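# Geometric and topological summary
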Amino acid sequence: MKIKSFTTPKNNNEIFIEPAYEDIPGLIDLNRERFQSYDFNINGTPFSQFREQVRSETLKKAGEYTDKIWSHFSKLNISDTENLPNINDSYTLEKNIIQTGHSPAITHPGVLIKHSLVNSIAKKVNGIGINMVVDNDASNDNCLNIPNINSPDSSVEKIEYHPGLRNLAFEEIRYTDSTQLPAFKERVLKSLHNPVMKKTFEDFMNVVIKLSEETLQFSDLFTYARHAFLTRFGINNLEVPVSHISETDSFLNFFLHITANSRCFVDIYNTKLREYRTLKKISSKANPLPDLMEKGFVVEIPFWMWKRDEPRKSLFASISNDSRISIICENKIVEHFDFGGRNRSTENLERLKTLISNGIKIRPKAIANTMYSRMFFSDLFVHGIGGAKYDLITDEIIREFFGVEPPEYATISATLHLPYEPLDVSKEDINALKHVIKDMSHNPDRYASDTILDDAEMKSMVNEKKELITKESHGTKEKHLTFGRIKQINSLMKDKISPLIKEKENEMEDLDKKLRYNSIVTNRDYPFCLYPESMLRELLKTS
């Protein structure tokens, strides 16, 4: 396993991109060559035929979903969306599909730049740009970090913006009523003090509130609003949620293929995770992803299962009989699939579709999700830093499980600071002052003013300390007595300079505040809708 280095940008307006922009079209050509060389079946269907089915079905879903978004814009007269291009749902093999993906949660500008790169490359190669809305991702934090910048006493407030519960997929989160959104908007505006930041956020939330007339479903609502926001910058990628992809026959056949080969897949998956942890010296078995459970003839497969309004649940396969595999959720057998003999593929697919029609939801976990997209749908996938790291593991699983060289992917991220200038202070300044304050306790005479040094008592203590330091002590007891007396003198002299020490401590407190202020204004993780539009425009045009 080769470990690549992906470095999160640290400086303002800094972009990380791999490979270089001008080399990305060549990556697409390389991937298409690799796809032509693949020679394996997915649930009985040859790779080339299966990939064509995936592309056709997923593009259809993307066209339908994006058309729905644009129809809402038209109905509600959302500004800056009047001149959207027509959706051409005709599918041709010649069209390159450039894809990215992220959860529908409000993200920082470093994630937003993926949409910009996909849009730019799609135009450059006359392809199709698509964002996969990972609405099967779980919401583990239902708050946004909002900077309350009121120098020098600045802070970051956590403000709840959706009613999500732990391990509940975004597609299951709904607002109970539309009054929650204006209340959230007002709470954030109260914390913001920069008028340009307030305008960006208020404009964004006004669109969200208007769209809430059509839906209170979290994932759709914020996908629509983010899509409308990006149109201001000429970014018009198609959108398709994982929940919609997971309804297609192609995805269900992919699920059946992994299930039929679950023992092999899980062995490879866990082995590659262990190799990665060893190479990266990661001790936690939960990072970067947890192993799939193996217990006798029962293995965990890389998919979630749940019903409407329920939390996500892990899914397992009983593999005691290779030709008849049962899928299990919460210790209950959900369904049996027969993989022995002819014409079983159609029967298994129909059984699975019956489950789906009865309210069962099956969704891919992270690696299965990007594997499906990269191998069978897109010609190039664009990752952020986090996805690029875990897809090093995906690459190894692809090599071992499918026996092919995986398609390459591009990586991009960026850092954008808030529109505030950092103060001229550093950690070195803090450390230097700490050293001075510590030294003032051990050597207060060095810091005493001339007036204090002229004090008779102070003079006496300074002279005595000098004598004790130069005095040659004999024996351990005498040394202890000398050290104790010096310590006592230092304490008495320290009292003489206590106002100066207090002054330095106040200075330290001021430096701490300034450093805390700098960490707040240079943090890269604030929601994109807080940044002035001019700053976002400048960042996005460079990708």
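See above for the structure.
Procedures and definitions
- Residues numbered from 1 in each chain as written.
- Predicted model: local features only at pLDDT ≥ 70, side-chain atom pairs only at ≥ 80, totals over all residues.
- Heavy atoms only, no water.
- Helix = DSSP H or I, 4+ residues; strand = E, 2+ residues; numbered from the N terminus.
- Rg over C-alpha atoms; globule rule 2.2 N^0.38 Å.
- Buried < 20%, exposed > 50% of the residue type's maximum accessible area, 1.4 Å probe, protein only.
- Contact = heavy atoms within 4.5 Å.
- Lys, Arg positive; Asp, Glu negative; His and termini not counted.
- Charge placed at Lys NZ, Arg CZ, Asp CG, Glu CD.
- Core = buried A, V, L, I, M, F, W, Y, C linked by side-chain atoms within 4.5 Å.
- Pairing = 2+ DSSP bridges.
- Axes fitted to C-alpha atoms, helices over the stretch in contact; angles between N-to-C directions.
- Salt bridge = Lys/Arg side-chain N within 4 Å of Asp/Glu carboxyl O.

A tally of regular secondary structure across the protein gives 18 helices and 16 strands. Taking 2.2 N^0.38 as the reference for a compact globule, 543 residues should give roughly 24 Å; the C-alpha atoms of the protein span a radius of gyration of 31 Å, well beyond that estimate. Each principal axis of the C-alpha atoms in the protein carries an extent, and together these give about 105 × 60 × 45 Å. Counting only residues that meet the buried cut, the protein has 51% of its 543 residues in that class. Look at the contacts in the protein between residues 6 or more apart in sequence, and 73% of them connect residues 24 or more apart. Counting 72 positive and 77 negative side-chain charges, the protein places the averaged centre of each group 3 Å from the other.

Formed by 70 residues in total, the largest nonpolar core has its most connected members in Phe73, Tyr161, Phe201, Phe204, Leu211 and Phe222. At 8 residues, helix 6 (residues 218–231) tops the list of elements feeding residues into this core. With near-sequence residues (within four places) excluded, Leu211 lies in contact with His72, Phe73, Leu76, Ile78, Leu221, Tyr224 and Ala225. Counting 69 residues, the second largest nonpolar core, distinct from the first, contains Val134, Ile327, Ile360 and Tyr409.

Within the secondary structure layout, Asn31 lies in helix 1 (residues 24–37). For Asn31, a relative accessible area of 0% gives the class buried. Beyond its immediate stretch of four places on either side in the chain, Asn31 contacts Asp379, Leu380, Pro407 and Glu408.

With respect to topology, 6 strands assemble into an open sheet ordered 1-16-15-4-5-8, the strand pairing being mixed. Every interior strand has two partners, whereas the edge strands, strand 1 (14–18) and strand 8 (238–241), have only one. Direction aside, the axes of adjacent strands within the sheet are offset by 25 degrees on average. Note: strand 5 (residues 128–133) against strand 8, 4 bridges, orientation parallel. Paired with Ile130 across the bridge in strand 8 is Leu238. On the sheet, helix 2 (residues 47–76) packs against strand 4 (97–102), strand 5 and strand 8 and is oriented at approximately 110 degrees with respect to strand 8. Seen against the sheet, helix 11 (residues 366–376) touches strand 4, strand 5, strand 15 (380–383) and strand 16 (409–415) and runs at an angle of roughly 140 degrees to strand 15.

It is worth spelling out the pattern of salt bridges at this point. Going through the model one piece at a time under the given rule, you end up with 45 salt bridges. In the salt-bridge network here, residues are joined through shared partners; they are Glu171, Glu172, Arg174, Arg308, Asp309, Lys361 and Arg363.

Along the chain, Asp391 falls in helix 12 (residues 385–401). Residue classification places Asp391 among the buried residues on the basis of a relative accessible area of 0%. Each C-alpha atom, one on Asp391 and one on Ile367, is 7.1 Å from the other, the two residues being 24 residues apart in sequence. Those residues in contact with Asp391 that lie beyond four places of it in its chain are Thr370, Arg374, His383 and Tyr409.

As far as function goes, none of this settles anything; it's purely spatial.
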